[in-house]
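Chain and residue survey
Listed here are the chains, written in short residue letters.
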Amino acid sequence: LSMQEWKHPFSSARYMAGFIRDNGLQRTHEIVSFPSWAGSALLPYLPDTEFWYPDAKRYGTYVVWNQQRERLERSYKEEPARLMRAIHRRFLGERNVLVLLNKPVADPERYRLDPVKEYSDPDAIKLSERYYLYALRTKPVRAPGAEHAR
């Protein structure tokens, strides 16, 4: 280990994983992680846990570095709305879904996300491993009075 690693955390992964573990969220929630490489850094601290990786279209504990994943990651980064549509389609109607990102969402309400926790240690060496955890609202929204309309 370098002296810098003794003085500063490498990333915020351990801290976000601790929050998830301490609150039992890995047992009570589906966790979506994007990009997959950022979320996979938490999994050594969360035994027996898998995240769903939208850029790989699978559950996993590690990243498969292939062209399909790279294309989807690039596409979702260029068009965040497309990422959120894919997540909503995958988890439509399910309860207890968390979305773990390495960048904050500019307009969480637009994507039906509720902020849960942020770990963004300014002293971390790996700044791309800052974490933003959101609860995903997956239930369809009914318009007022819709139950009476025919």
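So, how was this worked out
- Residues numbered from 1 in each chain as written.
- Predicted model: local features only at pLDDT ≥ 70, side-chain atom pairs only at ≥ 80, totals over all residues.
- Heavy atoms only, no water.
- Buried < 20%, exposed > 50% of the residue type's maximum accessible area, 1.4 Å probe, protein only.
- Helix = DSSP H or I, 4+ residues; strand = E, 2+ residues; numbered from the N terminus.
- Pairing = 2+ DSSP bridges.
- Core = buried A, V, L, I, M, F, W, Y, C linked by side-chain atoms within 4.5 Å.
- Contact = heavy atoms within 4.5 Å.
- Phe/Tyr/Trp six-rings, centres within 6.5 Å; stacked < 30°, edge-to-face > 60°.
- Polar contact = N/O pair within 3.5 Å; in protein donor to acceptor, adjacent residues only side chain to side chain.
- Salt bridge = Lys/Arg side-chain N within 4 Å of Asp/Glu carboxyl O.

Summarising burial for strand β6 (residues 131-136): five of the six residues are buried, a large majority. Pairing between strand β4 (residues 97-101) and β6: five bridges, direction antiparallel. When the bridges of β6 are listed, Leu 101 appears paired with Tyr 132. As paired elements, strand β5 (residues 113-119) and β6 share six bridges and run antiparallel to each other.

We now examine the nonpolar core. In this structure, Val 32, Met 84, Ile 87, Phe 91, Val 99, Leu 113 and Leu 136 are the most contacted members of the largest nonpolar core, which totals 20 residues. Per-element tally for this core: the top contributor is helix α6 (residues 80-91), with six residues. Not counting residues up to four positions away in its chain, the partners in contact with Leu 136 are Met 84, Ile 87, His 88, Phe 91, Val 97, Val 99, Tyr 111, Arg 112 and Leu 113. Counting 18 residues, the second largest nonpolar core, distinct from the first, contains Met 16, Phe 19, Leu 25 and Leu 133.

The next thing to look at is the packing of aromatic side chains. Counted according to the given criterion, the structure contains three aromatic pairs. Taken together, a centroid distance of 5.9 Å and an interplanar angle of 75° make the contact between Phe 34 and Tyr 76 edge-to-face. Of this pair, Phe 34 sits in strand β1 (residues 30-34) while Tyr 76 is found in helix α5 (residues 67-78), placing the two residues 42 residues apart along the sequence. By relative accessible area, which is 7% here, Phe 34 ends up buried.

Quick look at the side chain of Arg 69 now. Its location among the elements puts Arg 69 in helix α5. Classification of Arg 69 as buried rests on a relative accessible area of 3%. A polar atom in the side chain of Arg 69 sits 3.4 Å from the backbone oxygen of Val 64.

Following the criterion strictly, the structure yields eight salt bridges and no others. Across the pair Arg 69 and Glu 73 runs a salt bridge whose closest N-O atoms are separated by 2.4 Å. Remark: Glu 73 and Arg 69 occur in helix α5; sequence separation between them is four residues, near one turn of the helix. Here Arg 69 matches Glu 73 in class, with each residue buried. Across the pair Glu 109 and Arg 137 runs a salt bridge, and its minimum N-O distance is 3.1 Å. Of this pair, Glu 109 sits in the loop between β4 and β5 while Arg 137 sits in the segment after β6; the two residues are 28 residues apart in sequence, bridging distant segments of the chain. Overall, Glu 109 belongs to the exposed group, its relative accessible area being 52%. Using a relative accessible area of 25% as the deciding quantity, one classes Arg 137 as partly exposed.

It is worth stressing that arrangement in space is one thing and function is another; only the former is reported here.
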